[in-house]
Amino acid sequence: MANNNLHDAKAAKKDEFYTCIEDISNELRHYRDFFRGKSVLCNCDDPYESNFFKFFALNFNSWGLRRLVATCYDGSPVAGSELRLPFDDYPKPVRLRTAYKIVITEVPDLNGDGATDMADVDMLIRNRANVLTRLNGNGDFRSPECVAMLREADVVVTNPPFSLFREYLAQLIKYDK
Ligand SMILES: C[S@@+](CC[C@H](N)C(=O)[O-])C[C@H]1O[C@@H](n2cnc3c(N)ncnc32)[C@H](O)[C@@H]1O
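The following paragraphs examine the structure supplied in this document. Just so it is clear, the structure is predicted and the values come from calculations on it, not from any experiment. (Residues numbered from 1 in each chain as written. Predicted model: local features only at pLDDT ≥ 70, side-chain atom pairs only at ≥ 80, totals over all residues. Heavy atoms only, no water.)

**What about the sheet that holds strand β4 (residues 132-134)?**
Then step 1. Spatially, the five strands line up as an open sheet ordered β4-β3-β2-β1-β5, and their pairing is mixed. Each of the sheet's edge strands pairs with one partner strand only, and the pair in question is β4 and β5 (155-156).
Then step 2. In this structure, strand β1 (residues 39-42) lies alongside β5, joined through two bridges in parallel fashion. Residue pairing for β5: V40 is matched across the bridge by V155. (Pairing = 2+ DSSP bridges. Helix = DSSP H or I, 4+ residues; strand = E, 2+ residues; numbered from the N terminus.)

Below you can see the structure in the form of structure tokens.
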């Protein structure tokens, strides 16, 4: 029993390992041309925590992406803890565990500083309806609404929970991603 608890804790800790933006950049820059015109899904990625989301949002225009979708799993103990979300108006129990998705189809220079960066993404989230919306379920990559997003995506890029790696990969193969 105690041993099981230790294994569970180890798996949970690994599941919350976040990828450095330098590693993402060093790998993905080799595929830049491939991404032009593509719809990208990051389906294990709280947009406020994930450097995958950050990387694609920052390069949305220069890489010519068509669409960027990121979904947040509400089982994450750190979800939404970094920045305040528009959902902060919800009552506390809902706010603490919220699965949501972010859908980006443009990154305009909203603050007019001559560059498109995370400040513009933040303004986009705050000012445009439907950029950040709550999911019906818990954001599990296997849930029907997340599978529907997977089917629509051209390419999926993430670092999934290690404890579910086999299931994650099997699903990608099943949907030919
Ligand atoms: C290894 S972390 C990587 C996070 C992010 N993709 C990155 O690379 O920085 C895996 C993420 O998957 C989330 N997660 C765990 N189980 C999940 C599930 N069933 N469906 C979707 N996401 C899940 C965790 O909360 C965690 O944020």
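**A word on the nonpolar core**
The tendency in soluble globular proteins is for nonpolar side chains to be buried side by side.
Then step 1. If you look at the biggest cluster of nonpolar residues, it comprises 28 residues, and the most contacted ones within it are F35, V40, F56, L68 and I104.
Then step 2. Contributing elements (two or more residues each) for this core: α2 (21-28), β1, α4 (51-58), β2 (67-71), β3 (100-104) and α6 (118-127).
Then step 3. The leading source of residues in this core is α4, at five residues.
Then step 4. Beyond its immediate stretch of four places on either side in the chain, I104 contacts F53, F60, R66, R67, L68, V121, L124 and V131.
Then step 5. Core analysis: the next-biggest nonpolar cluster, separate from the first, contains 13 residues, V69, V103, F141 and L172 among them. (Core = buried A, V, L, I, M, F, W, Y, C linked by side-chain atoms within 4.5 Å. Buried < 20%, exposed > 50% of the residue type's maximum accessible area, 1.4 Å probe, protein only. Contact = heavy atoms within 4.5 Å.)

**Remarks on the pairing of β1**
Look at any regular strand and the pattern is simple: side chains alternate between the two faces of the sheet.
Then step 1. Residue alternation in β1 divides its side chains into two sets, S39 and L41 and V40 and C42, and both sets are buried.
Then step 2. As judged from the four bridges shared by β1 and β2, these two strands associate in the parallel manner. Bridge assignment links V40 to a residue of β2, and that residue is L68.
Then step 3. This β-α-β element, β1 to α4 to β2, shows right-handed connectivity. (Right-handed = clockwise from strand over helix to strand, strands pointing away.)

Keep in mind these values describe shape, not function.
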